[in-house]
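# A look at the structure
Each chain is listed here by its residues.
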Amino acid sequence: MFYKIAFLVGILSFPIQAQELISLQGSITSNNEPVPFANVVVSGTTKGVAADLNGFYSLKVPSKPIILNIQAVGYKSVTKSVDPKEYIETPLNISLKPDLLGLEEVVVSATHNRLSKKKAPVIVNVLSPKLFKATQSISLADGLNYQPGVRVETNCQNCGFTQVRLNGLGGQYTQVLLNSRPVFSALNGVYGLEQIPVSLIDRVEVVRSGGSALFGSSAIAGTINIITKEPVNNSWEVNSNLGLIEGTTPDRNLNLNASLVSEDLTSGVTVYGIYRNRDAYDANGDGFSEITKLTNNSLGAKAFYRPDDNSKLGLDLTAIREYRRGGDRIDLAPQFTDITEELDHNSIFAGTDYEYFNDSRTTHFTAYASVQHTDRDSYYGGLGGGRTRADSIAANNAFGKTKDLAFVSGVKFTRNFKNKDVLTSGFEYQLNDTEDAIAGYNRLVDQKVNSFGLYSQYEWKPLERFTALLGARLDHIDVNGLYQIEDITRTSTIAQTVLSPRFTLLYDFTPDLQFRGGYARGFRAPQAFNEDLHISSVGGEQRFVILSDDLETEFSNAYTASLNFNNEFNKVQTSLLVEGFYTTLENPFTLVSTGNSLPNGSILEESRNGSGAYVAGTNIEFNLSPSKALLFQAGITWQRSIYDEEQVLFEANGTNPSETDVVTNQLVRSPNTYGFFNTNWTVSEAINIDLTGSYTGTMIAPHVISESGFIQLEKTPEFMDVTTKVTWHLDLTKYLHLELSGGVQNVFNSYQNDFDRGPLRDSNYIYGPNRPRSFFFGIRFGDF
Amino acid sequence: MMKKSIILFLFLSCESLAAQDREQINWLIWEELDSALVTKPKKTFVFFHADWCAYCKKIDRVVFTNPQVIKKINTEYYAVRMDSETTDTIRFDGQKFTNRQALTKRNGVHDLALLLGSRPGKSYSLPVTVFFDEQFAIKQRVFEYYTSSELLKILEQ
């Protein structure tokens, strides 16, 4: 390639008036190796030439003494006085010294600081903001469905509690990370996924199965890592959306964000604000909500400072005010309604992190700390269809208070060795202190969990084609919990140390075909997790969860193996991933209903060690992109979720002979088939069309059918939720852009049609797509 | 708080709008540079960028709008900016340069950008800035982001 520079320079050297010309020639070397394409220029003139591939040059010069300038990229320039007459017969050979501190050694800008997906020993699925936009996702919870093995479901008609299921396992088996840090507490896990606005997200990395020792011990189904944006340019944007659920119920949204970054890139800040207001939606006209009323106001800032090229200090602060309410007569005070679940969250997050690299970028050190505090007012109750004095007293006593404090701090050290091996070690401390009290039900969850984790992982690359990631984490967990409901009191006092080994392998058969395999062990110590803090309503009463006595630690083993094929033929890009997974659970925490066993007639579910179980299946993901303008992705999961022995889900008390124990050998709410597709077509520079869809196969959903809490296992129908969107982009000026969009979510109105009705309904009997057919319009403008 | 930020953003955007009317670097296309070099040899400044390159955008918006930088470049240099991924055929120095990578690759880099911006053993990365002397011989190449004052220092040499 460089011969062209030579050519260029040669042509542009204008010939000077020839007197008597001598032909100078010779070779240019460095440490006896030829230096190709060096420039040889006669100083003070335009005369020059470039050496060829073998370092050889030839130049006609006048016969008087001259000064030669020799330059080559990566070498120190040489200036040499020459009397050409001395070199008529002999060659003029020039030796150059490498320029170690020069241009060539300057670091490549951060644009190339990307980790190649192909080189990662664990399969990382990356969700980009593009996909969130295509699916008209307002929060993270909406956008996650578009990955193989991932399914987001709503679990409550009253409060809209959502959870992510990875490879069919419930939300508590997945670790949610924010910028690789575990800041989500048990309480945040309940509603947190809906509290993160999409506009802040740079990308979401989904890792299925607990591949790396860096992830927490509970990350058995996988990890969802939310990476927020790192600004380089000053930018601002305002964007607003209006959604109409079933064409009538409004969901309004306003988002602002702006970034300022100094010219020398040493400091910067992003500020953001979110406003959301969604009305409650009633699908079956019984006056009770199927989709919760939701208002959310968030305000935050994220700043960074780089004291020098090798270190960075970050600071972020976010305040969230979120209100949600579901049930009936949303306009009345909750104690005058039949059912109300009302939650008013006031949360504040503060975090700081420090990063340091050494000069050669072989050592990387990170330290971080973040704290989250939530104050929550709750109301879980109502008259429950009755109008007696007792009903009224109960309804007036259903107000509760929650305080939640989560603190995370850790250090991580990474060392890259010369042979490309990488050692990563770290330490992490987490504190989670939750106090959730509802005096009226004598309900109390007072739980303090201290966990210490020490991990180390070695990335070993003995061969070009083979990488192994070997690691382990040692966790010590201290649980101190007091759980009360009515006349029942339970405690959990655990101090336990567990070693969890993990490893993954990567083998490249060819650059296009890779095999990966892995094993991870994990555990969960007995404590109240997100689902256990959630209260739902059934039969006009509340349904509570309490930990059973003598609950033992749950262990799990996860195995995965996958083949990944990538091909790029001209501009056509294709990839195919076939992944098999097998996860066993020992003593899994399982909710077993004991019926309306509480003195006030409320239903009590106990978290017990259930029968051993396994989930096994296959994820297939296919990507095809014939050109830059067209992208097609599809994924499907087939799986089985089976208990080793028949698992009791409802324990009959014998008073009603027609109600016996309900047992099953299949994990509930876990479909055997589900998948997605995603098509993006850039019609022109201005117009973009998206067509996306997610498929949910049939599954078993528990349904409470009598006031005693007796359940029936229903087989749900299958759903196909398709979204279309058209976006029109206009560049008003170089600094101002306008985007208008519109579309339909759930085009075929594939939605649950057998919701319970009235005050006695089972509010947890909700499955399938999150909303019926909805229309949306959006406007976005700014300098983005 | 929010209100203040809105006002700040509006102010910023107005400033950005106004920036367009201010003095600018006198960018030449390669064909113009060709004839300019024949008429009057001068130092040359070449900047390679692409749509997706955030650091290039930052240089374009912050460094190339700095009055001192504009003055320095406009008086002492010929300046050329080029989208590394353009598919235009460029005639320069009696040669025809095309984007051959674009025939078979996405985000294919133009031959002329590769010629001037490649480094042995490293993949082509942006931003690339190339400084030529009066003889159009390469004096220096910079493969990273720079501030106005850093650029002025290099331009001074």
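Computed from a prediction, not measured in an experiment: that's the story for all the values here.

Reading the values: the criteria
Residues numbered from 1 in each chain as written. Chains lettered and ligands numbered in written order. Predicted model: local features only at pLDDT ≥ 70, side-chain atom pairs only at ≥ 80, totals over all residues. Helix = DSSP H or I, 4+ residues; strand = E, 2+ residues; numbered from the N terminus. Buried ≥ 20, exposed ≤ 12 C-beta atoms within 10 Å, placed from the backbone. Contact = placed C-beta atoms within 7 Å. Pairing = 2+ DSSP bridges. Axes fitted to C-alpha atoms, helices over the stretch in contact; angles between N-to-C directions. Core = buried A, V, L, I, M, F, W, Y, C linked by C-beta atoms within 7 Å. Parallel < 35°, antiparallel > 145°, perpendicular 65-115°, else oblique. Left-handed = near helix turned anticlockwise from the far one by under 90°. pLDDT = per-residue confidence, 0-100.

## A few points about the overall build of chain A
- For chain A, the helix and strand inventory stands at six helices and 43 strands.
- The C-alpha extent of chain A, read off along each of the three principal axes, is 120 × 55 × 45 Å.
- Counting only residues that meet the buried cut, chain A has 46% of its 784 residues in that class.
- Of the contacts formed within chain A by residues at least 6 apart in sequence, a portion of 66% connects residues at least 24 apart.

## Topic: the overall build of chain B
- Counting secondary structure elements, chain B contains seven helices and seven strands.
- Counting from the amino terminus, helix and strand elements in chain B follow one another as α-β-α-β-α-α-β-β-β-α-α-β-β-α.
- Going through the 157 residues of chain B one by one, you find that 28% of them count as buried.
- Partitioning the intrachain contacts of chain B with sequence separation of at least 6 by distance along the chain shows that 66% fall at a separation of at least 24.

## Focus on the pairing of strand 21 (residues 363-381) of chain A
All names here are of chain A.
- Strand direction decides the pairing type here: strand 20 (residues 340-357) and strand 21, joined by 18 bridges, are antiparallel. Bridge assignment links Phe 349 to a residue of strand 21, and that residue is Gln 372.
- In textbook terms, the turn of a hairpin is the stretch between consecutive antiparallel strands, and for strand 20 and strand 21 this stretch comprises five residues, one of which, Arg 361, has a positive phi near 60°.
- Looking at chain direction, strand 21 and strand 22 (residues 399-416) are connected through 17 bridges and run antiparallel. The residue bridging Ser 378 from the neighbouring strand is Gly 400, located in strand 22.

## Some words on the sheet that holds strand 14 (residues 222-228) of chain A
All names here are of chain A.
- On the basis of which strands lie adjacent, the open sheet formed by four strands has the order 9-13-14-12 and mixed pairing. Because the sheet does not close on itself, it has two edges, and the strands there are strand 9 (125-127) and strand 12 (174-178). Taking the axes of each pair of neighbouring strands and ignoring which way they run, one obtains an average angle of 20° across the sheet.
- Here five bridges tie strand 12 to strand 14, and the two strands are oriented parallel to one another. Bridge pairing links Leu 178 to Ile 226 in strand 14.

## Quick notes on unusual backbone geometry
- Cis geometry is adopted by the peptide bond preceding Pro127(B), which originates at Leu126(B) and carries an omega value of -5°.
- Examined against the element boundaries, Pro127(B) turns out to sit in the loop between helix 6 (111-117) and strand 6 (128-132).
- The backbone of Lys420(A) shows a phi angle near 75°, a positive value even though the residue is not glycine.
- Positive phi, normally seen in glycine, also occurs at Phe136(B), with a value near 60°.
- Following the sequence through the fold, Phe136(B) ends up in the loop between strand 6 and strand 7 (138-142).

## A word on the nonpolar core
- Ranked by size, the top nonpolar core spans 52 residues in total, and within it Ile28(A), Ala38(A), Val40(A), Ala51(A), Ile70(A), Leu96(A) and Phe48(B) carry the most contacts.
- Looking at this core, the element that brings in the most residues is helix 3 (residues 54-63) of chain B, giving five residues.
- Setting aside chain neighbours within four positions, we find Ala51(A) in contact with Ile28(A), Pro36(A), Phe37(A), Ala38(A), Val40(A), Phe56(A) and Tyr57(A).
- Within the second largest apolar cluster, 44 residues are counted, among which are Val150(A), Val152(A), Tyr173(A) and Leu178(A).

## Some remarks on the environment of Asn450(A)
Residue and element names in this part refer to chain A.
- Mapping Asn 450 onto the fold places it in strand 24 (residues 443-463).
- Taking the C-alpha atoms as reference points, Asn 450 and Asn 480, separated by 30 residues in sequence, lie 8.7 Å from one another.
- Those residues in contact with Asn 450 that lie beyond four places of it in its chain are Leu 431 and Asp 478.

## Here's the deal with the packing of helix 4 (residues 67-76) of chain B against helix 7 (residues 148-156) of chain B
Residues and elements named next belong to chain B.
- Contact pair helix 4 / helix 7: the axes reach a minimum separation of 10 Å and the direction vectors enclose 20°. For the element pair helix 4 / helix 7, the angle class is roughly parallel. As for the relative orientation of helix 4 and helix 7, their crossing is left-handed in sense. In this structure, helix 4 uses Gln 68, Val 69, Lys 72 and Ile 73 to contact helix 7, whose residues at the interface are Ser 148, Leu 151, Leu 152 and Leu 155.

## Let's talk about the environment of Arg324(A)
Residue and element names in this part refer to chain A.
- Tracing the backbone shows Arg 324 in strand 19 (residues 311-327).
- With 22 C-beta atoms counted inside 10 Å, the residue Arg 324 sits in the buried group.
- Considered as a pair, Arg 324 and Thr 292 are 32 residues apart in the sequence and their alpha carbons are 6.4 Å apart.
- Look past the residues within four positions of Arg 324 in its chain and what remains in contact with it is Cys 159, Gly 160, Thr 292, Lys 293, Leu 294 and Leu 343.

## Points about the pairing of strand 2 (residues 43-49) of chain B
Residues and elements named next belong to chain B.
- Strand 2 sits mainly inside the fold: six of its seven residues count as buried.
- With seven bridges joining them, strand 2 and strand 3 (residues 77-83) adopt parallel strand pairing. The residue bridging Val 46 from the neighbouring strand is Val 80, located in strand 3.
- Relative to strand 6, strand 2 is paired through five bridges, and the arrangement is antiparallel. In the sheet register, Phe 45 faces strand 6, and the bridge partner there is Phe 131.

## Brief notes about the confidence of the model for chain B
- Overall, the prediction assigns chain B a mean pLDDT of 84, with 86% of residues at 70 or greater.
- We note a pTM of 0.79 for the whole complex and an ipTM of 0.80 for its interfaces.

## Let's talk about the sheet that holds strand 7 (residues 78-82) of chain A
Residues and elements named next belong to chain A.
- Spatial strand order, 4-3-6-7: four strands in an open sheet with antiparallel pairing. Two strands close off the open sheet at either side, each with one partner strand: strand 4 (48-50) and strand 7. Between one strand axis and the next, the sheet turns through 20° on average, direction left out of account.
- Where strand 3 (residues 39-42) and strand 6 (residues 66-71) come together, four bridges link them in antiparallel fashion. If you follow Val 40 over to strand 6, its bridge partner there is Ile 70.

## A word on the environment of Lys71(B)
All names here are of chain B.
- Mapped onto the elements of the fold, Lys 71 is located in helix 4.
- Residue classification places Lys 71 among the partly exposed residues on the basis of 13 C-beta atoms within 10 Å.
- For the pair Lys 71 and Asp 34, spaced 37 residues apart in the sequence, the C-alpha separation amounts to 22 Å.

## Concerning the confidence of the model for chain A
Residue and element names in this part refer to chain A.
- Residues at a pLDDT of 70 or more form 91% of chain A, whose mean pLDDT is 85.
- Taken together, the stretch residues 1-18 has pLDDT below 50 and engages in 36 contacts with residues farther than four places along the chain or on a different chain.
- Throughout residues 100-116 the model reports pLDDT below 50, and contacts reaching past four residues in sequence, or to other chains, amount to 23 contacts.

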